Amino acid sequence: MSEASPAKAYALHLCVIALLFLLSFVLPEYYHGLLARIMVLAVFAMGYNMLFGYVGLLSLGHAMFFGAGLYGAGLAVIQLGWGVPLAFLGGIACGAVLALVIGLLALRTTGVAFMIVTMMFAQVFYLVILYFSSWTGGDQGMVVPQPARVLTFGAAALDLTNPTVRYMTALALFSIVLLITLGIVRSRHGRVLIAIRENEERTKMLGYDTFSNKLAAVVVSGTICAASGAAYALLFGYVGSSFASVQYSILPLLWVLLGGAATTLGPLIGTVFMYYVIDVTSGYTSAYLLIVGIALILLVLFFPKGILGSIRQRWLGWLP
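What comes next concerns the included structure. These figures come from a predicted structure and were not determined experimentally.

1. What about the overall build of the chain?
Looking only at helices and strands, one finds 14 helices and four strands in the chain. Computed over its C-alpha atoms, the radius of gyration of the chain comes to 19 Å, within 12% of the 20 Å expected for a compact globule of 320 residues. Along the first, second and third principal axes, the C-alpha atoms of the chain reach 55 × 45 × 45 Å. Within the chain, the fraction of its 320 residues that count as buried is 49%. Counting only contacts in the chain whose residues sit at least 6 apart along the sequence, the fraction spanning at least 24 positions is 76%. For the chain, the accessible area works out to roughly 14,700 Å², and carbon and sulfur atoms hold 70% of it. Between the mean site of the 15 positive side-chain charges and the mean site of the 9 negative ones, the chain shows a separation of 8 Å.

2. Some words on the packing of aromatic side chains
Inspection of every chain in the model, using the stated rule, returns 15 aromatic pairs. Between the aromatic rings of F66 and F243, the centroid separation amounts to 6.0 Å while the plane-to-plane angle is 40°, which identifies the pairing as tilted. Pair noted here: F66 is in helix α3 (residues 63-78) and F243 is in the loop between β4 (238-239) and α11 (246-259), with a separation of 177 residues, a long-range link. Neither residue differs from the other here; F66 and F243 are each classed as buried. Over the ring of F303 we find R314, and its NZ or CZ is 5.4 Å from the ring centre.

3. What about unusual backbone geometry?
One non-glycine residue, A262, lies in positive phi territory at about 65°. Classification of A262 by relative accessible area gives buried; the value is 9%.

4. Some points on a nonpolar patch on the surface
There is a patch of nonpolar side chains on the surface, built from V97, L100, V101, L104, L105 and F211 and spanning about 480 Å² of accessible area. When residues in the nonpolar patch are grouped by element, the largest group, five residues, is from helix α4 (residues 84-106). With respect to the element layout, V101 can be found in helix α4. The class of V101 is partly exposed, set by a relative accessible area of 42%.

5. Topic: the nonpolar core
In this structure, L20, F66, L70, F174 and Y232 are the most contacted members of the largest nonpolar core, which totals 95 residues. Counting residues per element, this core draws most heavily on helix α2 (residues 29-55), which supplies 18 residues.

6. Quick word on the environment of V40
Secondary-structure assignment places V40 in helix α2. Distance in space between the C-alpha atoms of V40 and F174 is 6.6 Å, their sequence separation being 134 residues. With residues up to four places along the chain from it excluded, the contact list for V40 reads A170, S228, A231, Y232, L235 and F236.

Criteria and cut-off values
Note on numbering: residues in each chain are counted from 1, in written sequence order. Reporting of local features is limited, given that this is a predicted model, to residues whose pLDDT is at least 70; pairs of side-chain atoms are given and counted only at 80 or more, and all residues count toward the totals for whole chains, interfaces and linings. Hydrogens and waters are ignored; side-chain quantities use all the structure's heavy atoms. Under the DSSP-based scheme used, a helix requires at least four consecutive residues in state H or I and a strand at least two consecutive residues in state E, with every element numbered from the N terminus. This radius of gyration counts C-alpha atoms alone. The globule rule is 2.2 Å times how many residues there are, raised to the power 0.38. Categorising residues by exposure relies on relative accessible area from a 1.4 Å probe, with only protein chains included: less than 20% of the type maximum marks a residue as buried, more than 50% marks it as exposed, and the intermediate range marks it as partly exposed. Here a residue-residue contact requires only that any non-hydrogen atoms of the pair lie within 4.5 Å. Surface accessibility follows the Shrake-Rupley procedure with a 1.4 Å probe radius. Residue values consider only the protein chains on display as shielding. By the counting rule applied here, Lys and Arg register as positive and Asp and Glu as negative, while His and the ends of each chain are not counted. A charge is said to be at NZ when it belongs to Lys, at CZ for Arg, at CG for Asp and at CD for Glu. Whether two aromatic rings pair depends on their centres lying within 6.5 Å, for rings of Phe, Tyr and Trp, where Trp uses its six-membered ring; planes under 30 degrees apart make the pair stacked, over 60 edge-to-face, and the rest tilted. To sit over a ring, a charge needs its Lys NZ or Arg CZ within 6 Å of the ring centre and within 35 degrees of the ring normal. For patch detection, residues must exceed 30% relative accessible area and be free of salt bridges, and they are connected within 9 Å for like charges or within 5 Å for nonpolar side chains (Val, Leu, Ile, Met, Phe, Trp, Tyr). Any Lys or Arg side-chain nitrogen located within 4 Å of an Asp or Glu carboxyl oxygen qualifies as a salt bridge. Remark: nonpolar core denotes a set of buried residues (Ala, Val, Leu, Ile, Met, Phe, Trp, Tyr, Cys) joined through side-chain atoms within 4.5 Å.

Shown next, in the form of C-alpha cells:
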C-alpha cells in the first residue's frame, strides 16, 4: 500500500460524508426520510462487518445487540422518563455489556458452532422480550411519544421528529461511526484482526492474544450495533420485537456481502442497494422480490466479493 493511500482513504470517506450532507438539500421529502433510515441501518451493518468482515466470525445473533440498543433507549424514555442523550447512552451501554457477556461465552467456540451459539442467544433475547410484554409491548411494540424525542438546550430545542433534524442526526451518527471504523481497521489492532481471520494459529505463534483481540472486536461490533438500535428508536419513534428476531440478523449479513465484506464503505453501499432496489421495483410489480433475487444473483456472478470488494480487487487496491 502506497504512502498516499491513507490520505486517499480519508479523503474518500470525507467526500462520501460531504455528499450525504449535500443530498439533504436536494432530495425529495420521501427519499430524505428513506436515506436517513438507510444511514442508521448502515451503522448496524458496519458493526456487523467489524466482526464478520475483519475477524471472519459469522454471527446470526447481531439483532440482539441492535435490539439491546433499541429497547435500552426506548424503555429509558418511555418507562423511566429519561431525556434523549441519556437514553441514547443507556442504549449503547446495554449493547456493550451484552456484547461483553456474549463474547466471553460464544468465543469459546469457533466456526459453525459460533454461528449456532450466537443464534441461540439471540433467540433467548427475543423470547425474553416477548415474555415481558407488559414492559416491552411484545409483538405490537411501542411508540416513543413525540414530546420525549426533543432535545432541549436552555431556550433552544431540537425536535428529532423534524425531517431535517432527523436526517442530520442520522448523518452525524453515520459519520462518527464510519471514521471510527476506518481508524480501527487501519490501526495495529485492525491488522491483528485481519491476521486472525487469515490464520489464527499463526497469529498465536507470533505472540498475539487472539482471544482478547476477538473479544474486543465483539464488544466494538455489539456497541456499534447498539448505537444504531438506540438511534433508530429515538429518530423513528418505534420499538418492536421484530427488530430483535433472528431473521433480522440476516439483513446486515446480506448488506455486508452485497457491498463488500472487510471494506469500510461496503455496508453503506449494500444497504443503499437493497433498499432502493426494493423501493423502485415494488412500485412497478408485486413480484418485486423476484427482481431483487435476479439482481442479487447477477451481483454474485459479476461481483463475487461484493460491489466495493470486487472494485478494490480489480482496480483500486488502496481502498480500505
